[in-house]
Amino acid sequence: MRFWLMAHKIATGFGTAVPDQQAAISQDNTGAFLFAVTDHSMEDAGIVQGDKVVVDRSVAPEHGRLVIALVQGEYTLKRLFYFNGALELRAENAAQAPWRMPVDAQVQLWGVVVGVIRNYAN
């Protein structure tokens, strides 16, 4: 398995623009990627600002999993749910409302979060 460090940070809210220089890397459907988290919208899942999430593109984005989604050209980190023909991306922070859309909406479920790295030295 290849392991890539993405050169930018990801907001767990909406959203982090996809940098042009990452186009070739983002086509790798077998590698693992690191994204640095820049806000607090996933803190109830134990993911806080400054953490790095490990994202595996080879894992299926199933109901209930934490995913990196590409929505309108921007990355976001959310929990994925399916309800009666709708797709929902939900923050793990009570202050933020879920975002529900039709399953056929233009959302790319880019990868699944499989781990978190936290630096305690700072």
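A short tour of the structure in this document, coming up. Not measured: the values here are computed from a predicted model. (Residues numbered from 1 in each chain as written. Predicted model: local features only at pLDDT ≥ 70, side-chain atom pairs only at ≥ 80, totals over all residues. Heavy atoms only, no water.)

### Some thoughts on the pairing of strand S9 (residues 107–117)
Convention followed: Strands were regarded as paired on the criterion that DSSP finds at least two bridges between them. Going along the chain from the N terminus, every DSSP run of H or I of four or more residues is numbered as a helix, and every run of E of two or more is numbered as a strand.
Summarising the sheet, strand S4 (residues 52–56) and S9 pair through five bridges and their orientation is antiparallel. The residue of S9 that forms the bridge with Val55 is Val113. In this sheet, S9 lies alongside strand S5 (residues 66–71) in antiparallel orientation, the contact comprising five bridges. Bridge pairing in S9 links Val67 to Val112.

### A look at the pattern of salt bridges
The condition is simple: The term salt bridge refers to a side-chain nitrogen of Lys or Arg lying within 4 Å of a carboxyl oxygen of Asp or Glu. Burial here depends on accessible area, computed with a 1.4 Å probe over protein chains only, as a share of the maximum for the residue type. Under 20% is buried, over 50% is exposed, and the range in between is partly exposed.
One pass over the full model with this rule turns up five salt bridges. Ionic pairing is found between Glu92 and Arg79, a salt bridge with its closest N-O pair at 2.5 Å. Of this pair, Glu92 sits in the loop between strand S7 (86–90) and strand S8 (99–102) while Arg79 sits in strand S6 (residues 74–83), and the two are 13 residues apart along the sequence. Just as Glu92 is buried, Arg79 falls in that class too. Across the pair Glu88 and Arg100 runs a salt bridge whose closest N-O atoms are separated by 2.9 Å. Here the residue Glu88 occupies a position in strand S7, and Arg100 occupies one in strand S8, the gap between them amounting to twelve residues. Among the residues examined, Glu88 registers a relative accessible area of 4% and is labelled buried.

### Side note on the environment of Val59
Our working rule: What makes two residues a contact is simply this: any of their non-hydrogen atoms within 4.5 Å.
Looking at the secondary structure, you find Val59 in the loop between S4 and S5. Look at Val59 and you get partly exposed, because its relative accessible area is 23%. For Val59 and Gly111, which are 52 residues apart along the polypeptide, the C-alpha to C-alpha distance reads 7.0 Å. Beyond its immediate sequence surroundings of up to four residues, Val59 is in contact with Arg65, Val112 and Val114.

### Looking at the packing of aromatic side chains
Any aromatic ring pair is given by two values, namely how distant the centres are and how the planes are angled relative to each other. What counts, and what does not: In summary, the pairing rule links any two rings of Phe, Tyr or Trp, Trp by its six-membered ring, whose centres are within 6.5 Å, and it sorts them by plane angle into stacked for under 30 degrees, edge-to-face for over 60 and tilted for everything else.
Counted according to the given criterion, the structure contains five aromatic pairs. Judged by centre distance (5.3 Å) and plane angle (65°), the rings of Phe35 and Tyr75 are edge-to-face. Residue Phe35 is located in strand S3 (residues 32–37), and its partner Tyr75 is located in strand S6; the two are separated by 40 residues in the primary sequence. Assessed through its relative accessible area of 1%, Tyr75 is described here as buried. Ring centres of Phe81 and Phe83 lie 5.9 Å apart, and the angle between their planes is 20°; on these two criteria the pair is classed as stacked. The class of Phe81 is buried, set by a relative accessible area of 13%.

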